[in-house]
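For reference, the chains in residue letters:
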Amino acid sequence: MGRVTVRRPVRMLTPNGERTRPDALAAEEPLELRVAGAPLAVTMRTPGNDVELAHGFLLSEGVIGDREDVTTARYCAGTDDEGHNTYNVLDVALAPGVPGPDPGVARNFYTTSSCGVCGKAALDAVKLSTRFSPAETGPAVTPEMLSTLPDALRERQKVFASTGGLHAAALFTADGTVLDVREDVGRHNAVDKVLGKALLDGAVPASDRGLLVSGRASFELVQKAAMAGIPLLAAVSAPSSLAVELAAEQGMTLVGFLRGSSMNVYTRGDRVAEG
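Reading the values: rules and limits
- Residues numbered from 1 in each chain as written.
- Predicted model: local features only at pLDDT ≥ 70, side-chain atom pairs only at ≥ 80, totals over all residues.
- Heavy atoms only, no water.
- UniProt positions renumbered as here; feature names shortened; annotations may be inferred.
- Helix = DSSP H or I, 4+ residues; strand = E, 2+ residues; numbered from the N terminus.
- Contact = heavy atoms within 4.5 Å.
- Areas by Shrake-Rupley, 256 points an atom, 1.4 Å probe, with all protein chains shown as cover.
- Salt bridge = Lys/Arg side-chain N within 4 Å of Asp/Glu carboxyl O.
- Buried < 20%, exposed > 50% of the residue type's maximum accessible area, 1.4 Å probe, protein only.
- Polar contact = N/O pair within 3.5 Å; in protein donor to acceptor, adjacent residues only side chain to side chain.
- Pairing = 2+ DSSP bridges.
- Axes fitted to C-alpha atoms, helices over the stretch in contact; angles between N-to-C directions.
- Parallel < 35°, antiparallel > 145°, perpendicular 65-115°, else oblique.
- Left-handed = near helix turned anticlockwise from the far one by under 90°.
- Nonpolar A, V, L, I, M, F, W, Y, C, P; charged D, E, K, R; others polar.

Going by an unreviewed UniProt entry, the chain carries the name Sulfur carrier protein FdhD and comes from Prauserella halophila. The heading Sequence similarities (unreviewed entry) in the UniProt record of the chain holds the text "Belongs to the FdhD family." The UniProt entry for the chain carries the following text under Subcellular location (unreviewed entry): "Cytoplasm".

*Asks:* Help me understand the overall build of the chain in this model?
*Replies:* If you tally the helices and strands in the chain, you get 7 helices and 13 strands. Contacts in the chain between residues far apart in sequence, at least 24 positions, make up 55% of those at least 6 positions apart. Entry remark: accessible area of the chain is about 12,500 Å², with carbon and sulfur atoms responsible for 51%.

*Asks:* What is the right way to look at the pattern of salt bridges in this model?
*Replies:* Close approach of charged atoms allows side chains of opposite charge to pair. Applying the stated criterion across every chain yields a total of 15 salt bridges. A salt bridge links Arg 131 to Asp 69; the nearest nitrogen and oxygen atoms lie 3.8 Å apart. With Arg 131 in the loop between α2 (123-126) and α3 (143-155) and Asp 69 in the loop between α1 (50-60) and β5 (70-75), the pair connects residues that are 62 residues apart, well separated along the chain. Looking at Asp 69, the relative accessible area reads 15%, which means it is buried. The residue Asp 192 makes a salt bridge to Lys 224 at a minimum N-O spacing of 2.8 Å. With Asp 192 in helix α5 (residues 187-200) and Lys 224 in helix α6 (residues 219-227), this pair connects stretches of sequence that are 32 residues apart. Owing to a relative accessible area of 1%, Asp 192 belongs among the buried residues under this scheme. For Lys 224, a relative accessible area of 1% translates into the label buried.

*Asks:* Looking at this model, I keep getting lost on α1. Mind explaining?
*Replies:* One full turn of an α-helix is made of 3.6 residues, so residues set three or four places apart face in the same direction. Of all 11 residues making up α1, 10 are buried, and the element is well covered by its neighbours. Within α1, burial applies to Asp 50, Glu 52, Leu 53, Ala 54, His 55, Gly 56, Phe 57, Leu 58, Leu 59 and Ser 60. Two residues or fewer after α1 comes Gly 62, characterised by a positive phi angle close to 80 degrees.

*Asks:* Honestly, the side chain of Glu 52 in this entry has me stumped. Any pointers?
*Replies:* Following the sequence through the fold, Glu 52 ends up in helix α1. Residue Glu 52 is classed as buried on the basis of its relative accessible area, which comes to 10%. Within the structure, the side chain of Glu 52 is placed 2.7 Å from the side chain of Arg 182, a separation counted as a polar contact. The contacts of Glu 52, once residues within four sequence positions are left out, are Arg 182, Asp 192, Lys 193, Gly 196, Lys 197 and Leu 200.

*Asks:* Please explain the sheet that holds strand β13 (residues 262-267) as it appears in this structure.
*Replies:* Across the sheet, 6 strands lie side by side as β9-β8-β10-β11-β12-β13; this open sheet has mixed pairing. Each edge of the open sheet is held by one strand with a lone partner, namely β9 (178-184) and β13. Recorded for the sheet is a direction-independent mean angle of 20 degrees between the axes of neighbouring strands. The pairing of strand β8 (residues 167-172) with strand β10 (residues 210-213) spans 4 bridges and is antiparallel. Its bridge partner lying in β10, Leu 171 is registered against Leu 211. Each of β12 (253-259) and β13 touches helix α7 (residues 241-250); the most contacted strand, β13, lies at about 60 degrees to it.

*Asks:* Explain unusual backbone geometry here, please?
*Replies:* Leaving glycine aside, a negative phi is the common case for residues, and trans is the common case for peptide bonds. At the junction of Val 204 and Pro 205, the peptide bond is cis and its omega measures out at 10 degrees in the coordinates. Note on placement: Pro 205 falls in the loop between α5 and β10. One non-glycine residue, Ala 36, adopts positive backbone phi at about 55 degrees. Tracing the sequence through the fold places Ala 36 in the loop between β3 (29-35) and β4 (38-45). Residue classification places Ala 36 among the exposed positions, given a relative accessible area of 67%. Positioned with a positive phi, Asn 49 is a non-glycine residue whose angle comes to about 55 degrees. Topologically, Asn 49 is positioned in the loop between β4 and α1. Taking relative accessible area as the criterion, Asn 49 reaches 37% and is therefore assigned partly exposed.

*Asks:* I tried to follow the packing of α6 against α7 on my own but got confused; where do I start?
*Replies:* Each pair of packed helices gets described by two things: the angle between the helix axes and the distance between those axes. Where α6 meets α7, the axes come as close as 7 Å, and the angle between the chain directions of the two elements is 20 degrees. Overall, the two elements α6 and α7 adopt an arrangement that is roughly parallel. Handedness of the crossing formed by α6 with α7: right-handed. Facing α6, whose interface residues are Phe 219, Val 222, Gln 223 and Ala 226, α7 presents Leu 242, Ala 243, Leu 246, Ala 247 and Gln 250. A per-class count over the contact of α6 with α7 returns 7 nonpolar, 2 polar and no charged.

Right, dumping it as structure tokens:
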């Protein structure tokens, strides 16, 4: 849709003087997600791969577990000042017999690009039960393989290369093959997009894959990986205390500070062995 980046003039100040030039910015727009016409969530995201984002979001919230659980996902009417469709409202129809989102869980479903879940009623409401436990699955990997992943991810971050303003998430195999990569201003959106792609490809539960994220590992990202049955999450930056707690509870391997040949293995280190 040509809306992933936006060009704006910028005044550059340097020791050698100043100049004005166009700058590429990562686009950020609201997406309202509806289920059967009823508003469910509004998230600030980078436009693109919205259908994948919706599938990944519904997977990580425990609403769906298979691509057959969704019959259609279509953009609704929503226009800008010039009467053009904004493509910022997406309505998902669930298959017959698939229950809708649980109305009994009190949540504020407004999410920003920096915070995946804001205003959750209680921590227990976040600890959703996965249909695909990652505890007893997962291939063994080597530190040498893991060390190759950040560079492989960066090579495929096309929009980051032009803006410097996007998070990325990728699925990878035990031999270090980086599969699908998705970028977004929100780290949780990038993960939802890549999980949604896996779901649409029939690759969930993703028990033979790992998830790589370009930033820190938050509680929510561990939860999303667990909901897809992913046994290993690797992050370039630090995990939070709750992320480590949840990974241990779910039997997941959590790797943080993955930089060069160095990394920290916080949970289930038995899956990471010297080659």
